[in-house]
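# Summary of the model geometry
As a plain string of letters, each chain reads:
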Amino acid sequence: MGGSVTYLVAALAVLVVVVVVVRARRRSAARPDGALPPGRPARDRPAESLRDSPLGLALGDRVRIREQEYAVSGTIRLVEGDWSWVQHLLDDDSGGRHRLSVEDGPELELVLWTAEPGATVTPGAPTIDLGGLRYTWAETGQARYTATGETGLTSAGTMRYHDYQCGGAARLSFEAYGEESWRVARGDLLDPADLTIRPTSEDH
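Residues numbered from 1 in each chain as written. Predicted model: local features only at pLDDT ≥ 70, side-chain atom pairs only at ≥ 80, totals over all residues. Heavy atoms only, no water.

## Looking at the overall build of the protein chain
The number of helices and strands found in the protein chain is one helix and eleven strands. The order of helices and strands in the protein chain, counted from the N terminus, is α-β-β-β-β-β-β-β-β-β-β-β. Residue pairs at least 24 apart in sequence account for 49% of intrachain contacts in the protein chain once pairs closer than 6 positions are excluded. As presented, the protein chain carries roughly 12,100 Å² of accessible surface, and 55% of it is formed by carbon and sulfur atoms. (Helix = DSSP H or I, 4+ residues; strand = E, 2+ residues; numbered from the N terminus. Contact = heavy atoms within 4.5 Å. Areas by Shrake-Rupley, 256 points an atom, 1.4 Å probe, with all protein chains shown as cover.)

Have a look at this one:
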């Protein structure tokens, strides 16, 4: 009997140690020295770290992407579950409008989008041919959004999307805000080095 009690006490002690270690590891994974774990939503980043990042672009800021300069005229912030991303509307000097999407994960993903208003394709198929390229389905979902600036949207609502990819850099997106029809855009994956940001505060 005494041996059984001793064994039971030892087993309970081991179990307690295991639980403590597992919990400690989970806390460490969630906050490694205050750093953000991969995939943590961008909205949790300190505000001071955002201003010089594409995540923190503000209305009126100017952005140089490769050889073209743009002005930020609107921003759409999207949340889907625990994930968030940002889309900045960019106007070029000729009046053209583009969109820069910024997703914060293990690495910053930047895509410059150009609308395809004349496209007749619709989402849902495993592959889609457009402009001489064949795009393969990547993901689909629905997010909540808030909009500021000249976006042409209500200040808040929901958005549905389908995303496709071709090769390493080409992208195709379908987005529908509220009850509107699909907006089609082709995208080009960027390197962060392709961007130069000039905040409005530098003009004063």
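## Side note on unusual backbone geometry
Of note in the backbone geometry, Arg66 takes a positive phi value of approximately 55° without being a glycine. Position of Arg66 relative to the elements: it lies in the loop between β1 (62-65) and β2 (68-80). Residue classification places Arg66 among the partly exposed positions, given a relative accessible area of 42%. (Buried < 20%, exposed > 50% of the residue type's maximum accessible area, 1.4 Å probe, protein only.)

## Focus: the environment of Pro54
Summarising the element assignment, Pro54 is placed in the loop between α1 (2-30) and β1. Distance from Pro54 to Val102, taken between C-alpha atoms, is 6.8 Å for residues 48 residues apart in sequence. Sequence-distant contacts of Pro54, defined by excluding residues within four places in its chain, comprise His88, Val102, Leu108, Leu110, Leu195 and Ile197.

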